[in-house]
Amino acid sequence: MDKRKKLAVFDLDGTLFDTAEVNYRSYQAAAAECGYQISRELFMQEFVGKNYKEFLAVFGIREVEIQERIHEIKKERYDEFLYAAKKNEHLFSMISCMKSEYVIALATTASERNAREILTKFGVEKVFDIFITQESVIKLKPDPECYLLAMKKADALPKDTVIFEDSDTGAAAAAASGALVLRVENFSGTGNIIERVFSGNT
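Residues numbered from 1 in each chain as written. Predicted model: local features only at pLDDT ≥ 70, side-chain atom pairs only at ≥ 80, totals over all residues. Heavy atoms only, no water.

Participant: Would you explain the environment of isoleucine 66 in this entry?
Facilitator: Position of isoleucine 66 among the secondary structure elements: in helix H4 (residues 64–77). Along the chain, isoleucine 66 and lysine 53 lie 13 residues apart, while their C-alpha atoms are 10.0 Å from each other. Leaving out residues up to four positions away in the same chain, isoleucine 66 has contacts with Tyr36 and Ile61. (Helix = DSSP H or I, 4+ residues; strand = E, 2+ residues; numbered from the N terminus. Contact = heavy atoms within 4.5 Å.)

Participant: In this structure, what is going on with helix H5 (residues 89–98)? I would like to understand it.
Facilitator: Buried residues of H5: Leu91, Phe92, Ile95 and Met98, and no others. Around the axis of H5, the buried residues are gathered within 115° of arc, so they sit on the same side. Exposed positions of H5 whose direction lies more than 90 degrees from the buried face are Ser96 and Cys97. Buried residues along H5 sit against strand E1 (6–10), strand E2 (17–18), strand E3 (86–87), strand E4 (102–107), strand E6 (161–165) and strand E7 (180–185). (Buried < 20%, exposed > 50% of the residue type's maximum accessible area, 1.4 Å probe, protein only. Arc of directions from axis to C-beta.)

Participant: For this particular structure, what's the right way to read the layout of surface pockets?
Facilitator: Left-over empty space is what a probe sized like a water molecule reveals as it rolls over the atoms. A volume near 630 Å³ is recorded for the largest pocket. Lining the largest pocket are 33 residues, and of these Asp13, Gly14, Phe47, Val48 and Gly49 lie nearest its centre. Of all elements in the fold, only E2, helix H1 (20–33), helix H3 (52–58), H4 and helix H8 (168–176) reach the threshold of two or more residues within the lining of the largest pocket. Taken together, the residues that form the lining of the largest pocket break down as 11 nonpolar, 14 polar and 8 charged. (1 Å grid on protein atoms, 1.4 Å probe; cavity = no way out; pocket = protein on both sides within 12 Å on 5 of 7 lines; lining within 4 Å. Points joined across faces, edges and corners; volume = space filled by probe spheres on them. Nonpolar A, V, L, I, M, F, W, Y, C, P; charged D, E, K, R; others polar.)

Participant: Explain the nonpolar core to me, please; I cannot follow it from the model alone.
Facilitator: Proteins that are soluble and globular tend to have nonpolar side chains buried together. Counting residues in each nonpolar core, the largest one holds 30 residues, and the members touching the most others are Phe10, Leu16 and Ile104. Only E1, H1, H5, E4, helix H6 (112–121), E6 and E7 provide two or more residues apiece to this core. If you tally residues by element for this core, the top one is H5, at 4 residues. (Core = buried A, V, L, I, M, F, W, Y, C linked by side-chain atoms within 4.5 Å.)

Participant: I tried to follow the packing of H1 against H4 on my own but got confused; where do I start?
Facilitator: To characterise two packed helices, one gives the angle between the axes of the helices and the distance between these axes. It is at 8 Å that the axes of H1 and H4 come closest, and there the two elements cross at 130°. Judged by the inter-axis angle, H1 sits oblique to H4. Note on packing geometry: the crossing formed by H1 with H4 is right-handed. Side by side, H1 and H4 meet where Asn23, Ser26, Tyr27, Ala29, Ala30, Ala31 and Glu33 of the first sit next to Ile70, His71, Ile73, Lys74 and Arg77 of the second. Per-class residue counts for the contact of H1 with H4 are 6 nonpolar, 3 polar and 3 charged. (Axes fitted to C-alpha atoms, helices over the stretch in contact; angles between N-to-C directions. Parallel < 35°, antiparallel > 145°, perpendicular 65-115°, else oblique. Left-handed = near helix turned anticlockwise from the far one by under 90°.)

In structure tokens, the structure reads:
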């Protein structure tokens, strides 16, 4: 029986890994296969913290069937561009220090396939005790469902949970769960600044 009563939950994109370039290149390749173009500048502005249906619509791609096709191709092409991903070394070092006291969970809106691919590439798939992806929930961030599910799986209370997030959407979801939220800012792959602390505890 796991005696750890505390829970630490980590977002993936922009928190544990800088995947902006990976996602841009895989979505660009997928869109091109379907006859569309995605500009880098607009993608970087619109991608963070949003569901693929939201940011694809910004490029004029509004037909659900085409959105789904692009998303499926993106998942297939994702691992081709993982060379561009950067690991948040500081945060993974912190996780190593936390393992004895905290159950460690991953909660991401990324697909299970792509999440496992990046964790495997960097050899950290066994770091996490709980694994929650896009397919694990009905409602995506900013709904707190993924974080509440992590707490349920860990049998942890919000007051005993800390969540690491980078985007406004993710931070809003984390705060709505009632947990303590640590915001990761300025992560460039070589370091990070946990700049702001949000607390959903009362």
